[in-house]
Amino acid sequence: MGWTEERVSMLKRLWLEGQSASQIAKQLGGVTRNAVIGKVHRLGLSGRASPSQPARPLLKAPRAARPVAPAPVAPVRRAPQPMMAVAVYSREENIGSATVLTLGAHMCKWPIGDPAKDGFSFCGRRMGEDGPYCSEHAQLAYQPQQKKTKRPADVDLARSLRRYI
């Protein structure tokens, strides 16, 4: 649809009434909000009779005063009391209970089984201090480096001469 004189006059009237570009586009029909905005700018209609948004209060309600913290008091020393025994309950963890979808951030990521077959899972127990595995699997994954044993010189010589034979 083109901009006829009738549509332009209706656009001017609605714009000066304070309606938004979306509201004007709906009433005119066949034009988008952006088309209305473009036409308003080409016509030079910058001022409005009333704002399109509801008036907001200029002053905010005053905030309540913050409570003043009491002056610090020296801590009172008390005689140590005997500690009571606390029972610690641990959740029994099922090894191999975590799948790719249920594996959490703090769960052991040790693979169990063949990834190509059904029944593949991960350990799923609570992760240890270092690394992505529980303490048991960390011992398997991170073994101390073995010291290299010094080979006799004649073995090294024989090995190096094999290249030339």
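Every chain is numbered on its own, with residues counted from 1 as its sequence reads. Restriction of local features to residues with pLDDT of at least 70 applies here, the model being predicted, together with a cutoff of 80 or more for giving and counting side-chain atom pairs; totals for whole chains, interfaces and linings are based on all residues. In computing side-chain values, all of the structure's heavy atoms are included and hydrogens and water are not.

Further remarks concern the overall build of the protein chain. A tally of regular secondary structure across the protein chain gives five helices and two strands. What counts as a helix is a DSSP run of H or I of at least four residues, what counts as a strand is a run of E of at least two, and both are numbered from the N terminus. Seen in sequence order, the protein chain has helices and strands lined up from the N terminus as α-α-α-β-β-α-α. Partly exposed describes any residue whose relative accessible area lies between the buried limit of under 20% and the exposed limit of over 50%, with all areas from a 1.4 Å probe on protein chains only and scaled to the type maximum. By residue count, 17% of the 165 residues in the protein chain fall in the buried class. Pairs at least 24 residues apart make up 43% of the contacts formed inside the protein chain by residues separated by at least 6 positions. Whether two residues are in contact is decided by their heavy atoms, any of which lying within 4.5 Å being enough.

Before going further, it helps to examine the side chain of H137. You can see H137 is positioned in helix α4 (residues 135–141). Leave out the neighbours within four places in its chain, and H137 touches C108, W110, C123 and R125.

Turning next to the pattern of salt bridges. Every case where a carboxyl oxygen of Asp or Glu lies within 4 Å of a side-chain nitrogen of Lys or Arg is listed as a salt bridge. Scanning all chains against the criterion turns up two salt bridges. The residue E17 makes a salt bridge to R13 at a minimum N-O spacing of 3.2 Å. With E17 and R13 both in helix α1 (residues 5–17) and four residues apart, this pair spans about one turn of that helix. One salt bridge connects E136 with R125, and the closest N-O pair in it is separated by 3.1 Å. Of this pair, E136 sits in helix α4 while R125 is found in the loop between β2 (121–122) and α4, placing the two residues eleven residues apart along the sequence.

A few words on the state of the cysteines. Cysteine sulfur atoms that come within 2.5 Å of each other are treated as a disulfide pair. Taken as a whole, this structure holds zero disulfides when the rule is applied. Among the cysteines around C108, which has no disulfide bond, C134 carries the closest sulfur, lying 3.7 Å off. The exposure class of C108 is buried, given its relative accessible area of 0%.

Let us look at the packing of aromatic side chains. Any two rings among Phe, Tyr and Trp, with Trp reduced to its six-membered ring, count as a pair given centres within 6.5 Å; such a pair is stacked if its planes are under 30 degrees apart, edge-to-face if over 60, and tilted if neither. Following the criterion strictly, the structure yields three aromatic pairs and no others. Geometrically, the ring pair formed by F120 and F122 is edge-to-face, given 5.3 Å between the ring centres and 70° between the ring planes. Looking at F120, the relative accessible area reads 22%, which means it is partly exposed. Residues Y133 and Y142 carry aromatic rings whose centres are separated by 6.1 Å and whose planes lie at 45° to one another, so their mutual orientation is tilted. Taken together, the ring pairs in this structure connect W110, Y133 and Y142 into an aromatic cluster. Taking NZ or CZ as reference, R7 lies 5.8 Å from the ring centre of W3, over its face. Our definition puts a charge over a ring when NZ of Lys or CZ of Arg is within 6 Å of the ring centre and also within 35 degrees of the ring normal.

These results come straight from atomic positions and should not be treated as a statement about function.
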